[in-house]
Amino acid sequence: MNSPLLSVTKLFKYFSSRGQRELRGTPEQLRQDGPVRAVDGVTFEVHSHETFGLVGESGCGKSTLGRCILRLLEPTAGSVAFGDEDVTRAAGQRLRELRRRMQIVFQDAGQSLSPMRTVRATLAEPLRIHGLARGEATETRVLQLLDQVGLEPMHRNRYPHQLSGGQQQRVAIARALATEPDFIVLDEPTSALDSSLKLTVVDLLQHVQDSTGVSYLLISHDLTIVRHTCDRVAVMYLGAIVEIAATAHVFDDALHPYTQALIASIPVPDPFTKRERILLPGEPPSPANIPSGCRFQTRCSFVMDRCRHEEPSLLEAKPGHRVACFLYAEAEREAAPT
Amino acid sequence: MTRRRYLGRRLALLVLVVFGISIVAFLLVHVLPGDPARSRLGVFATEELVQLKRAEMGLDKSLPEQYVTYMGNVFRGDLGDSWRTHNPVAEDFVERFPATIELALAALLLAVVLGVSLGVAAALRRNGPFDHLATLLGILGISAPVFWIGLLLIIAFVTQLHVLPAPLGRLASDVEAPTQITGLYVVDSLLTANWEALRSSLLYLVLPAVTLGILPLAPITRMTRAAMIEALDSDFVRAARALGLSRTQVVVKIALRNALIPVVSMVGLQLGYLVGGAVLVEIVFTWSGIGLYLYRSVIGLDFAPIQSLVLIVGVLFALINLAVDMLYFAIDPRIRVR
């Protein structure tokens, strides 16, 4: 496979459990003070033209991970490589150029658009910052962007509060597209929308990808949409990825007990379909107090002695299918290079 | 349309409020201890003389009759005479009002500049040194009486350090007042390029302005801090950073602009309270504004000025309130455009 567009390697983000100061030090040192381990050593990559899904319960660190990749949060440790640039070390002009190439769409567009600005001002801002258009050209580009996301020219003079939720999200998408990025983090882009609007926004995003070749990191807990749109999926639990595979493999052949429970929780529209529900006992533990050994051991029905002492690493169980679980330790040994 | 209706409703409400204020101001004389007629004639006046005086002052008529006469006079600009200064109250008031305005505006300016900067600094580094300073000033502003702070400042800067003139008025006795344009000495001396008067008036203004400014400083700082923290944690600030705006631009252009909306209304209301606070500060600094005038009138049982000041300050407060609400239309598009 050709070299990935984005590779995240052993990324950590710890928050202090007291106060809001940034933590400094290696993850091993910091772990002594019981920090909130929002992202706890995550490794994955995203290829060009790919839609990569990131799923997991609320609070598992998905959004924090997305923000660390874009340097909206400073990672505690680890690296993020974008093309041949190191995002975590970039500064000044190079960081700005990276910001041009990497964009984000937030969950609630009503919150992500400044209420003080018209649509035109919102869309013109990125053009101005990166010197992409001036004067007349700005107006042309704004109209083009509106058209690209299916809005009318008249919408450019509106304030966010004068738009519907779906329209607001389209403006937010247009803003992300303004700099012609190669990569967009979609942080729950449809969660705040009605189900009827969800699909139109998903269609819009796919259409944009088809015409521009942009890659997406789709952060979502909506498994139906993930299954519908993503090429590959990573499942996150308490700050760590427990399984990564092609979408079809994750949904039809989930290996990790947590993924299995997650998939089984998808509602089936036919009330007469018999299906096996897997109910996880208890609540997910706090990310400030992650269990030792396997982080899932407190809720796993297959828990073994080994799981309590040793942390499983994310290893290839089948070709292109990686899982962090000792149940597949045999396969792991066979697949592991010597 | 809705805006006009809103305005109409506010104006109707204002009329009602002003009517209420006038009733209170009118009744004040009848509620306050002491008989205005007797207080003018002295303790040794005979009962007959007092009755005559009462008739002369119209105090023997029924309350509604007296109210109508009183309001009729007020609308003609006749606020009664002060028997202490032997001038019409309106004249005394016009003469002293600019001094209070100068003091209140200077105090407010100080409080806004310092309060907003401190609030922003505190929000940027929560629990940092500026945050602690803001808390300290907040506690001081709420718990320490203004006159006490004024006295401390006088002890420190006048009697100990000898850097500021004694708190006796608005100008040094050997400096002539600048040609009257606005009645605010600092503004007038600037307009007439009278540098000597400017220097002197500024030196005399500093301490009372600082003293009075501590009052609104605390709420302005707290409001700015809270609004900034909320704005800084919003998705539109995150989006602005993702677009590549520098940190300063994000803080000033995006976050502060949104955070200032609640602060503006708060500042407007503080101006009303300042007039009240000015009374104490003017006493401490013998600042010859309406505060000192009111104080001396109260001490001397001079009813006409007390009544008029209650009326004027009350109406002023209501008008400022209205102006602040109108200001919302100007600065907040969510209200301006529907």
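Reading guide: rules and limits
- Here the residue numbering is sequential within each chain, running from 1 through the sequence in written order.
- Naming scheme: in the order in which they are written, chains are lettered from A and ligands are numbered from 1.
- Owing to the predicted nature of the model, reporting of local features is limited to residues with pLDDT of at least 70; listing and counting of side-chain atom pairs is limited to 80 or more, with chain, interface and lining totals taken over all residues.
- Remark: hydrogens and water are excluded; side-chain values derive from all non-hydrogen atoms of the structure.
- Secondary structure elements follow DSSP: runs of H or I of four or more residues count as helices, runs of E of two or more count as strands, with numbering from the N terminus.
- A 1.4 Å probe rolled over the protein chains alone gives each residue an accessible area, and that area as a share of the maximum for its type sets the label: buried under 20%, exposed over 50%, partly exposed in between.
- For this analysis, residues touch if any pair of their heavy atoms sits within 4.5 Å.
- Note that accessible areas follow from Shrake-Rupley with a 1.4 Å probe, and for residues the cover is restricted to the protein chains shown.
- Neither His nor the chain ends is counted toward charge; the positive residues are Lys and Arg and the negative residues Asp and Glu.
- Note on charges: their place is set at NZ of Lys, CZ of Arg, CG of Asp or CD of Glu.
- In this scheme, strands are said to pair when DSSP sees at least two bridges between them.
- Fitted lines through C-alpha atoms give the axes, limited to the stretch in contact for helices. The angle between two N-to-C directions lies from 0 to 180 degrees.
- Values of pLDDT, the confidence the predictor places in each residue, fall between 0 and 100.
- As used here, buried area is the combined drop in accessible area, with a 1.4 Å probe, of two parts when they are placed together.
- Any Lys or Arg side-chain nitrogen found within 4 Å of a carboxyl oxygen on Asp or Glu counts as a salt bridge.
- Whenever two N or O atoms come within 3.5 Å, that pair is a polar contact, provided that in protein one can donate a hydrogen and the other can accept it, and provided that, for residues adjacent in sequence, both atoms are side-chain atoms.
- Residue polarity is assigned by list, with Asp, Glu, Lys and Arg as charged and Ala, Val, Leu, Ile, Met, Phe, Trp, Tyr, Cys and Pro as nonpolar; anything else, Gly included, falls into the polar class.
- Think of a nonpolar core as a cluster: buried Ala, Val, Leu, Ile, Met, Phe, Trp, Tyr and Cys residues, connected wherever their side-chain atoms sit within 4.5 Å.
- To estimate the expected span of a helix, count its residues, drop one, and scale the result by 1.5 Å.
- Axes are fitted to the seven residues ending at a residue and to the seven starting at it; the angle between these axes is taken as the bend at that residue.
- Stacked, tilted and edge-to-face pairs are distinguished by plane angle, under 30 degrees for stacked and over 60 for edge-to-face with tilted covering the rest, among Phe, Tyr and Trp rings (Trp via its six-membered ring) whose centres lie within 6.5 Å.
- Comment: the charge-over-ring label is applied if NZ (Lys) or CZ (Arg) is within 6 Å of the ring centre and within 35 degrees of the ring normal.

Time to look at the overall build of chain B. Counting its secondary structure elements, chain B contains 14 helices and 0 strands. Along chain B, from the amino end to the carboxyl end, the secondary structure elements read α-α-α-α-α-α-α-α-α-α-α-α-α-α. The C-alpha extent of chain B, read off along each of the three principal axes, is 85 × 60 × 40 Å. The buried share among the 338 residues of chain B stands at 46%. For chain B, long-range pairs separated by at least 24 residues make up 70% of all intrachain contacts whose partners lie at least 6 apart in sequence. Here chain B displays about 17,600 Å² of accessible surface, and carbon together with sulfur accounts for 67% of that area. Seen as two clouds, the 28 positive and the 24 negative side-chain charges of chain B have centres 15 Å apart.

Quick look at the sheet that holds strand S9 (residues 232–237) of chain A now. Through backbone hydrogen bonds, the strands of a sheet pair up, either in parallel or in antiparallel fashion. Residues and elements named next belong to chain A. Overall, mixed pairing links the 8 strands, which are arranged S6-S7-S8-S3-S9-S10-S12-S11 in an open sheet. What marks the edges here is a single partner per strand, and that holds for strand S6 (102–105) and strand S11 (315–318). Direction aside, neighbouring strands of the sheet carry axes that sit 25 degrees apart on average. For strand S3 (residues 51–55) and S9, the ladder comprises 4 bridges, and the chain directions are parallel. From the neighbouring strand, Phe 52 faces S9, where its bridge partner is Arg 232. Across the sheet, helix H7 (residues 165–177) touches S6 and strand S7 (183–187), and the angle it forms with S6 is around 175 degrees. Of the strands in this sheet, S3, S7 and strand S8 (215–220) touch helix H8 (residues 195–212), which is tilted by about 160 degrees from S8.

Interpretation of this model should avoid reading the predicted coordinates in detail wherever pLDDT is low. All names here are of chain B. When pLDDT is averaged along chain B, the result is 86; 99% of the residues meet or exceed 70. Highest mean pLDDT in chain B belongs to helix H5 (residues 89–124) (91); lowest belongs to helix H2 (residues 36–41) (74). Prediction confidence for the complex, expressed as pTM and ipTM, is 0.79 and 0.80 respectively.

Turning to the interface of chain B and chain A, a few remarks are in order. With 23 residues of chain B at the contact, the number on the chain A side is 27 residues. In this assembly, chain B packs against chain A so that about 2,400 Å² is buried in total across both faces, 57% of it on carbon and sulfur atoms. At the surface where chain B touches chain A, the tally comes to 2 salt bridges. Residue Lys 253 of chain B is joined to Glu 125 of chain A by a salt bridge in which the shortest nitrogen-to-oxygen separation is 3.7 Å. Scanning the region where chain B abuts chain A turns up 7 residue pairs in polar contact (both at pLDDT 80 or more). Those elements giving two or more residues to the side of chain B that touches chain A turn out to be helix H10 (235–243), helix H11 (247–284) and helix H14 (333–336) of chain B. No other element matches H10 of chain B, which puts 7 residues into the side of chain B that touches chain A. Tallied by class, residues from the side of chain B that touches chain A come to 10 nonpolar, 3 polar and 10 charged.

If you look at the biggest cluster of nonpolar residues, it comprises 55 residues, and the most contacted ones within it are Leu 123, Ile 173, Ile 184 and Phe 251 of chain A. Here this core takes 6 residues from H7 of chain A, the largest share from any one element. Dropping the residues within four chain positions of it, Phe 251 of chain A is found in contact with Leu 223, Val 226, Arg 227, Val 233, Ile 263 and Ile 266 of chain A. Among the nonpolar cores identified, the runner-up in size contains 51 residues, and Ala 111, Ala 144, Leu 217 and Val 284 of chain B belong to it.

Turning next to helix H7 (residues 146–160) of chain B. All names here are of chain B. Helix length check: H7, at 15 residues, gives a terminal C-alpha distance of 20 Å against a target of 21 Å (1.5 Å per residue), a fit within 8%. The sharpest bend along H7 measures roughly 25 degrees and falls at Ile 154. The complete set of buried residues in H7 reads Val 146, Ile 149, Gly 150, Leu 153, Ile 154 and Val 158. Elements in contact with the buried residues of H7: helix H6 (129–143), helix H9 (195–232) and H11. Following H7 by one or two positions, His 162 has its phi on the positive side, about 55 degrees.

Right, let's get into the side chain of Thr 221 of chain B. All names here are of chain B. With respect to the helices and strands, Thr 221 occurs in helix H9. Assessed through its relative accessible area of 4%, Thr 221 is described here as buried. In this structure Thr 221 touches Gly 115, Leu 118, Gly 119 and Ala 134, once residues within four positions along its chain are discounted.

Residue and element names in this part refer to chain A. Relative to the helices and strands, Ala 240 resides in strand S10 (residues 240–246). What makes Ala 240 buried here is its relative accessible area of 7%. Residues Ala 240 and Thr 140, spaced 100 residues apart in sequence, show a C-alpha to C-alpha distance of 44 Å. Not counting residues up to four positions away in its chain, the partners in contact with Ala 240 are Asp 40, Val 42, Val 235 and Arg 295.

All names here are of chain A. Across the sheet, which stays open at both edges, the 4 strands sit in the order S2-S1-S4-S5 with antiparallel pairing between neighbours. A strand with exactly one partner marks an edge of an open sheet, and here the two such strands are strand S2 (36–46) and strand S5 (85–86). Pairing between strand S4 (residues 77–82) and S5: 2 bridges, direction antiparallel. Bridge pairing in S5 links Phe 82 to Glu 85. On top of the sheet, helix H2 (residues 62–69) reaches strand S1 (6–15), S2 and S4; it is set at about 115 degrees to S1, its chief contact.

As a further point, take the environment of Ser 112 of chain A. In this structure, Ser 112 of chain A sits in helix H4 (residues 109–112). Ser 112 of chain A sits in the buried class, given a relative accessible area of 0%. Separated by 61 residues in the primary sequence, Ser 112 of chain A and Thr 51 of chain A have C-alpha atoms spaced 22 Å apart. Setting aside residues up to four positions removed in sequence, Ser 112 of chain A forms contacts with Phe 106, Ala 172 and Arg 175 of chain A together with Asp 235, Phe 236 and Ala 239 of chain B.

A separate point is the packing of aromatic side chains. For the structure shown, the criterion picks out 11 aromatic pairs over all chains. The interplanar angle of 65 degrees and the centroid separation of 5.4 Å between the aromatic rings of Tyr 258 of chain A and Phe 296 of chain A together place this pair among those described as edge-to-face. Note that Tyr 258 of chain A is positioned in helix H11 (residues 257–264) and Phe 296 of chain A in the loop between H11 and helix H12 (305–309), a separation of 38 residues in sequence. Classification of Tyr 258 of chain A as buried rests on a relative accessible area of 1%. Grouped by ring-pair contacts, the aromatic residues Phe 19, Phe 26, Tyr 67 and Tyr 70 of chain B constitute a single cluster. For Arg 170 of chain B, the ring lying beneath its charged end belongs to Tyr 185 of chain B, and the centroid distance is 3.8 Å.

The next point concerns the pattern of salt bridges. All names here are of chain A. Taken as a whole, this structure holds 29 salt bridges over all chains when the rule is applied. Across the salt bridge formed by Arg 71 and Glu 74, the nearest N and O atoms sit 2.9 Å from each other. Classification of Arg 71 as buried rests on a relative accessible area of 9%. Exposure remark for Glu 74: the relative accessible area of 33% places this residue in the partly exposed category. With a shortest N-O distance of 4.0 Å, Arg 141 and Glu 180 are connected by a salt bridge. With Arg 141 in helix H6 (residues 136–148) and Glu 180 in the loop between H7 and S7, this pair connects stretches of sequence that are 39 residues apart.

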